[in-house]
Amino acid sequence: MVQLVWLGAAVISTAFTDLYYGFGVALEPHNLLWCFVGVLIGNMVGVLPGMGPLATISILLPLTFGMKPVAAILMIAGVYYGAQYGGAICSILLNLPCHPPHAVTCLDGFPLTQQGKGGTALGITVIASFVGASWGITEMIFLSPLLVRAALQFGPAEVCSLMLLGLLAGSTLARGSPVKGVAMTVLGLLIGIVGSDIETGSPRFTFGLPQLDDGIEIVALALGLFGIAEFMSSVNKISDVNTKYSNVRLRDMRPSKEDLKKAAMPMLRGTIIGSLCALIPGTGPTIASFVSYATEKKISKTPERFGHGAIEGVACPEASTHSSVQGDFIPTMSLGIPGDAVMALLLGALIIQGIVPGPQLISEHPDIFWGLIASFWIGNILLVILNVPMIGLWVKLLMIPYKYLYPSAMFFVCIGVYSTNNDMFQVGEVLVIGIAGYILNMLGFHPAPILLGFVLGPRFEENFRRALLISRGDLMVFLERPISAVFVILCAVLILGQIYVRLRKPKGNGSPLVPPEILLAAQSTHPGTAHAPHEATAQARSPVTS
Amino acid sequence: MLRTLVHKRDFYAGGVMILMGCGVVLQARSYNAGTLMHMGPGFFPLILGVILTLLGMLILGTAAVSGGDRERILPEQPEWWAWTCILASPVLFIFCGIHGGMAPATFACVFIAALGDRNATFKGAFLLALGVTTFGVLLFAYVLKIPFQIFKPDVLEWSNWFGWVPL
């Protein structure tokens, strides 16, 4: 017992030393500046209807090539969690679920706005976000070193099965049909193969084009799938927003004591649910927010108030979104396994900087890891400061029409992808990928798993080949080594579970974690990952309010 | 049965996956597969191609057994004009970039994309393109210093742009 306490104290004290070091890195003026730029841009695109964090990060990715690794990662991460703050404003004031995680916030946030309590909802959101994010960060501080200690023992076989588990979870637990998700992951792995073979150097799938020898550019892939294809599906679909209710002043934002009291417990419950969801790859913030809203409605004494402006219905999904967003970084940074497309892009940025993601990252590049964690705190505080007094400015941004937005974004897509290699070939690449992405979108495929497969592909193949070389070609190696066997069994459970859900409920939607009526709301926000038109919102509201 | 099948979205989804999978397998066969112990460059793509084909069959199979009405594959309001404009935008960027330089490329790219909106006017698109070009050239040429000439030296020469037209 005494030993346990002693161990706990040691863990906490190392964590504090590391964190102190991290703050030193994150507070360097250069890094602080880029962190600020990141959250500012993130908050901005979060508010803009029709622009998502994915497209923005892909556009910014070429700019990070010339930056130092720490600054680059801090900025990209800042865009991601900054966009979550902005997305909430959009949902509450306009009833526009700009980002899927905030779709549920509309259900109660917009009625509150109609009742003239939009400011209170925003105030509660800021508090809930900060609470959720703080918990997610704390979780990362203590959990990552433990995960790393386990993962450092992994040989190629374990790494390979873990990646398989990550890829399967990432493609089947997310939205849409699981079979289609797996198909997209395989496609992503195949796209990752294009280029020279890592061991023999012979070109594969390059079709005789020397420009493809280095493989497909991640910037071109991301901008094609989340830029051009996305613009094609949202053009002329986003009507001018109704800003009738968006007149919010700073003093409206202070919540009353009664509201705070009502929101406190849902906030904590949302935080816990979010942090649990973050640990399962593939169940990012979107699922976390839906699950927590459903739970809150179920355990509430007055469930009929939900959908008509219950402050709990704003507090719990927002807290869980933010705790899940921060928790998403845990598997990404400590194991090198991204849970969703944004994390895949972040890993892509690391790889471009010449840093190999994986369990050795914390010890080899402590400045990146602890600097990132410290920057989360700084970034979240900056976001609270940005959002509270400047709310009027963000509301003004909501009024930028999409017809000015997407042509300007097209320019950034073209010049961004050109600047990766200063070669027009890349621009052609993004065009082809964009067309293919839109066709896949029409056929009901979600593009996010492609990016997961693409980023993990080369490391997956390398470890697969190495594992079988060591085992002298014996496939049983994946089952004989105990840790690897656990991962393989988990994969099997995942697949069998999906089949079971399918067979029991033929019209089921593949995501067993979310109750159907909330899922309906979620469905109307896709296939567009970054937007949903007014009609969709109306549909999203009806099943729950009725 | 086939008649209902051709109106299913998953019929095409599965079909595309099968075609791609088969294509990958055919192409991968030309690379050395090696053995399980010493895998060649062709081994991994071969497995993936087979898996993709199987998944395609699964998707197609579910489409065949599930009943239901016709499904829409194109969105309810196909935006052919807007799609053309958006796709023409990178094409013009490449063309004008090679022959004219960064400024003409930016202008053409933004102008054509802006025309895709239903309420677009020539004047509005022109002003937007002008604004983005000014800002973009300042940012990318002067601040970020991307090696991309603002104007090619012979940008005004007719033959530079259309020299390839056999007249």
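Residues numbered from 1 in each chain as written. Chains lettered and ligands numbered in written order. Predicted model: local features only at pLDDT ≥ 70, side-chain atom pairs only at ≥ 80, totals over all residues.

A. Layout of the packing of helix H5 (residues 103-114) of chain A against helix H6 (residues 118-151) of chain A. Residues and elements named next belong to chain A. Where H5 meets H6, the axes come as close as 7 Å, and the angle between the chain directions of the two elements is 140 degrees. What the angle tells us is that H5 and H6 run oblique. In this structure, H5 uses Gly109, Leu112 and Thr113 to contact H6, whose residues at the interface are Gly118, Thr120 and Ala121. Of the residues assigned to the contact of H5 with H6, the class counts are two nonpolar, four polar and no charged. (Axes fitted to C-alpha atoms, helices over the stretch in contact; angles between N-to-C directions. Helix = DSSP H or I, 4+ residues; strand = E, 2+ residues; numbered from the N terminus. Parallel < 35°, antiparallel > 145°, perpendicular 65-115°, else oblique. Contact = placed C-beta atoms within 7 Å. Nonpolar A, V, L, I, M, F, W, Y, C, P; charged D, E, K, R; others polar.)

B. Region of the structure containing the domain arrangement of chain B. Domain annotation for chain B reports domain 1 (2-65) and domain 2 (80-159). Computed from C-alpha coordinates alone, the two centres of domain 1 of chain B and domain 2 of chain B are separated by 40 Å. (Domains from an automatic or database assignment.)

C. How the structure looks around unusual backbone geometry. Residue and element names in this part refer to chain A. Even without a glycine there, the phi angle at Phe205 is positive, about 50 degrees. Of note, Phe205 is situated in the loop between strand E2 (203-204) and helix H9 (218-234). Judged by C-beta crowding, with 18 C-beta atoms within 10 Å, Phe205 ranks as partly exposed. Notably, Arg472 is not glycine yet its phi reads approximately 55 degrees, a positive angle. On the basis of neighbour counts, which here come to 10 C-beta atoms within 10 Å, the residue Arg472 falls in the exposed class. (Buried ≥ 20, exposed ≤ 12 C-beta atoms within 10 Å, placed from the backbone.)

D. Just the interface of chain A and chain B, in detail. Each partner contributes to the interface: chain A provides 49 residues, whereas chain B provides 53 residues. Every element with two or more residues in the side of chain A that touches chain B is listed here: helix H8 (178-193), H9, helix H18 (402-421), helix H19 (424-442) and helix H20 (448-470) of chain A. Here the element with the most residues in the side of chain A that touches chain B is H18(A); it accounts for 11 residues. Looking at the side of chain A that touches chain B residue by residue, the classes come out as 33 nonpolar, nine polar and seven charged.

E. Quick look at the nonpolar core. In terms of nonpolar packing, the biggest core is built from 218 residues, with A:Ile73, A:Ile76, A:Met410, A:Leu451 and B:Cys109 touching the most fellow members. The two domains that each donate at least three residues to this core are domain 1 (2-65) and domain 2 (80-159) of chain B. Leave out the neighbours within four places in its chain, and A:Leu451 touches A:Gly188, A:Leu221, A:Ala222, A:Leu225, A:Ala341, A:Ala344 and A:Leu345. (Core = buried A, V, L, I, M, F, W, Y, C linked by C-beta atoms within 7 Å.)

F. Structural detail: the environment of A:Ser202. Structurally, A:Ser202 can be placed in the loop between strand E1 (195-196) and E2. Those residues in contact with A:Ser202 that lie beyond four places of it in its chain are A:Ser196, A:Asp197, B:Tyr31 and B:Pro41.

G. Broad picture of the packing of H18(A) against helix H6 (residues 122-143) of chain B. Put simply, H18(A) and H6(B) touch, their axes get as near as 11 Å, and they point 35 degrees apart. Of the two possible hands of crossing, H18(A) and H6(B) adopt the one that is right-handed. Every residue of H6(B) that contacts H18(A) at A:Tyr404, A:Pro407, A:Ser408, A:Phe411 and A:Ile415 is listed here: B:Leu128, B:Val132, B:Gly136 and B:Phe140. By residue class, the composition of the contact of H18(A) with H6(B) is seven nonpolar, two polar and no charged. (Left-handed = near helix turned anticlockwise from the far one by under 90°.)

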